[in-house]
Amino acid sequence: MNICFIGTGYVGLVSGVLFSDFGHKVICVDNDRIKIDKLNKGIIPIFEPGLDELVNRNLNSKRLVFTTDIKYAIKSSDIVFIAVGTPTAKDGISADLKNVYSASNIIANNINKYKLIIIKSTVPVCTGDDVENIIKKKNSSSKFTVVSNPEFLREGEAIRDFRYPDRVVIGCNNLKKTRSILEKLYEPIIKKGAKFIVTTRRSSELIKYASNAFLATKITFINEIANLCEKVGSNVEDIAIGIGTDERIGPRFLRAGPAYGGSCFPKDTKALIKIGKKFNIDMSVVKTVIKSNEKRKLLLADKIIKILGKSKNKNVGFLGVTFKANTDDMRDSQCLKIFPKLLKKGINIAYYDPTGKKKELENFIFRKSSDEIIKNSDLVIIHTEWDEFRSLNFNIIKNRKLKIFDLRNLYQPNTFANKNINYYSIGRKYYEKKA
Ligand code: UDX
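Per chain, residues are indexed from 1 in the order of the written sequence. Given that this is a predicted model, residues contribute local features only at a pLDDT of at least 70 and side-chain atom pairs are listed and counted only at 80 or more, while totals for whole chains, interfaces and linings are drawn from all residues. Neither water nor hydrogens contribute to the side-chain values; these are computed over all heavy atoms in the structure.

Student: So what about the site of the ligand? Which residues, and what values?
Tutor: Any residue with a heavy atom lying within 4 Å of a molecule or strand is counted as near it. In the region of the ligand, 19 residues are neighbours, and Glu155, Arg255, Gly261, Lys324 and Arg408 sit closest. Polar contact is the term for a pair of N or O atoms within 3.5 Å; when the atoms are in protein, one must be able to donate a hydrogen and the other to accept it, and sequence-neighboring residues count only if both atoms are side-chain atoms. Between the ligand and the protein, one listed contact pairs an oxygen atom with a backbone N or O atom of Gly261 at 3.0 Å. Under the convention used here, a 1.4 Å probe and the Shrake-Rupley method define accessible areas, while residue burial counts only the protein chains that appear. A total of 660 Å² of accessible area belongs to the ligand in isolation, and the protein chains cover 97% of it. Ranked by residues supplied to the shell around the ligand, first place goes to helix H10 (residues 201–232) with three residues. Under the DSSP-based scheme used, a helix requires at least four consecutive residues in state H or I and a strand at least two consecutive residues in state E, with every element numbered from the N terminus.

Student: Please give an account of the packing of helix H6 (residues 127–138) against H10 that cites residues and values.
Tutor: For helices, the fitted line uses only the C-alpha atoms of the stretch in contact; every axis is such a line through C-alpha atoms, and the angle between N-to-C directions lies from 0 to 180 degrees. It is the contact of H6 with H10, at a shortest axis distance of 8 Å, that shows an interaxial angle of 130 degrees. It follows that H6 is oblique to H10 by the angle criterion. Along its contact with H6, which presents Thr127, Gly128, Asp129 and Glu132, the element H10 presents Arg201, Arg202 and Glu205. In this classification, Asp, Glu, Lys and Arg are treated as charged, Ala, Val, Leu, Ile, Met, Phe, Trp, Tyr, Cys and Pro as nonpolar, and every other residue, Gly included, as polar. Residues belonging to the contact of H6 with H10 are distributed by class as follows: no nonpolar, two polar and five charged. Angle categories are assigned with fixed cut-offs, so that under 35 degrees is roughly parallel, over 145 is roughly antiparallel, 65 to 115 is roughly perpendicular, and the rest are oblique. Whether two residues touch is decided by their heavy atoms; if any such pair falls within 4.5 Å, the residues are in contact.

Student: Can you lay out helix H3 (residues 51–60) for me, pointing to particular residues and giving the numbers?
Tutor: Turning to H3, its buried residues number three or more, namely Leu51, Leu54, Val55, Asn58 and Leu59. Axial view of H3: buried residues confined to an arc of 125 degrees, hence all on one face. For H3, the exposed residues lying more than 90 degrees away from the buried face are Glu53 and Asn60. Considering only its buried residues, H3 is in contact with helix H1 (10–21), helix H2 (33–40), strand E3 (64–67) and helix H7 (158–163). The classification of residues rests on relative accessible area computed with a 1.4 Å probe and restricted to protein chains. Under 20% of the type maximum is buried, over 50% is exposed, and intermediate values are partly exposed. Directions from the helix axis toward the C-beta atoms define the arc.

Student: Describe the packing of helix H13 (residues 284–308) against helix H14 (residues 335–344), naming the residues involved and giving the relevant values.
Tutor: Interaxial distance between H13 and H14 falls to 9 Å at its minimum, and their mutual angle equals 40 degrees. The angle between H13 and H14 falls in the class oblique. Handedness of the H13/H14 crossing: right-handed. Along the contact surface, H13 presents Glu294, Lys297, Leu298, Leu300, Ala301, Asp302, Ile304 and Ile305, while H14 presents Lys337, Ile338, Lys341 and Leu342. Helix crossings fall into two classes, left-handed where the near helix is turned counterclockwise from the far one by less than a right angle and right-handed where it is turned clockwise.

Student: Tell me about unusual backbone geometry, residues and numbers included.
Tutor: For Lys62, which is not glycine, the phi torsion reads 70 degrees and is therefore positive. Within the fold, Lys62 resides in the loop between H3 and E3. A positive phi is found at Asp332, a non-glycine position, where the angle reads about 50 degrees. Note that Asp332 resides in the loop between strand E9 (315–319) and H14.

Student: Let's hear about the state of the cysteines: which residues, and what values?
Tutor: One way to say it: the disulfide is the covalent bond shared by the sulfur atoms of two cysteines. Cysteine sulfur atoms that pair up within 2.5 Å are treated as a disulfide. Overall, the coordinates contain zero disulfides when judged by the stated rule. Looking at Cys28, it has no disulfide partner, and the nearest cysteine sulfur is the one in Cys4, 8.7 Å off. Sulfur of Cys264: no disulfide; nearest cysteine sulfur belongs to Cys335 and is 18 Å away. Given the relative accessible area of 22%, Cys264 is considered partly exposed.

Student: Provide a residue-level description of the pairing of strand E14 (residues 421–424), including the pertinent values.
Tutor: By the alternation rule, side chains of E14 split into Ile421 and Tyr423 and Asn422 and Tyr424, which are all buried. The pairing of strand E13 (residues 402–406) with E14 spans four bridges and is classified as parallel. Considered in E14, the bridge of Phe405 is made with Tyr424. Strands are labelled as partners when DSSP assigns at least two bridges between them.

Student: Give a description of the nonpolar core that names residues and reports values.
Tutor: Residues belong to a common nonpolar core when they are buried Ala, Val, Leu, Ile, Met, Phe, Trp, Tyr or Cys residues joined through side-chain atoms within 4.5 Å. Phe19, Phe66 and Phe81 are the most contacted members of the largest nonpolar core, which totals 38 residues. Broken down by element, the residue count for this core peaks at six residues, all from H1. Judged by nonpolar contacts, the second largest core, of 32 residues, contains Ala256, Ile307, Leu342 and Ile347.

Student: Describe the pairing of strand E4 (residues 79–82), with residues and values.
Tutor: Burial along E4 is two-sided: Ile79 and Phe81 and Val80 and Ile82, pointing in opposite directions, are all buried. In the sheet, strand E1 (residues 2–6) pairs with E4 via four bridges, with the strands oriented parallel. Each residue of the ladder has a partner; that of Ile3, found in E4, is Ile79. Where E4 lies against strand E5 (residues 115–119), four bridges are found, and the strand directions are parallel. In the sheet register, Phe81 faces E5, and the bridge partner there is Ile118.

Below you can see the structure in the form of structure tokens.
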């Protein structure tokens, strides 16, 4: 099949590359010329484990093409994916759809044969109707179908998530023409066991938001339980196992930590409230989740301040600054809210991240390794769960005291029993050595 992806951001790039790896001819389009030039040289603009090898393999096989020529891409394709960004709009809550509408207008002007138009971007319910109307209005004689097909890729795990998803969701109001094409497109994935869920376009659009809001709720719930565990001396990990083994609840997304962040949960939960408002439905649970998640970042900053106590030495070193491990993405990273609060208290902050320096943190000291952070800090904060932080070398501190606040529970508290270290974690008993 000839496929094109409009938008070579995270979702468009990963999905486009993997469809080409399935043997389709894929054209990935973007209006950012510098990005396209780099991609054509095999240089990947994002950090995603395994993606560079796939890009280079499929570029070499000529199944994958990167271009800025959107007209050529649409005209050459049977299937046109819309995978442009839908960031939060200026009002601070809605999804900004200008990229989706602009892509729809260009598609309308370039339909030269039947096109299956698939919306992969995360869009509010009824956007598929808008896209259909835009194209019909501009080009009334054109033959096309607009389908919703949301993505559920996690950053850092995107290749695995694309190849082995739990489900493929398709939303289409006219399946007669499209079902066989879509089944063929997703055949390699369905064969491996993914459920193929077919529903209406509006339901499919809503599945994406409901899914992200539900996962955000699960995380926020366990984070609040963790707060309670710390007060009553329970262990949040045992609670997560204890509730997660009930199949009605499920074990995943119950890891207590430093609040959820990233490019999707914060944006999509807000957009869901806006969608509810449009249809006069109060999304009160989601509103509470957002509030609790925001509060959590400040609560953690307060805990850091408390751990440092009255000591004169207030050098804090963060290990990892992105919103989670295996990504270089700083969008809605928890530390962006924590740092300013610490700064106000006169605390010196340094950080190390395996993906390098961050422009968002240019006023803070960047150190080149975990060892450098450990050597130069009174309190080390484990902010993300990179594997390399699971075996840190604490022997380098020699005869000095060190405090560790492990926001990801990477270590067991008793690991530090015989060390000169006070260890704090999330939702578990603290290991605090008395002076
Ligand atoms: C998410 C969704 O999982 C994915 O399906 C969707 O398409 C895009 O958004 P992503 O944002 O890449 O993916 O990361 P994810 O692994 O879901 O984590 C989101 C945030 O929740 C991170 O800050 C992570 O640290 C946090 N999290 C996740 C927890 O705190 N605990 C958990 O148990 C899981």
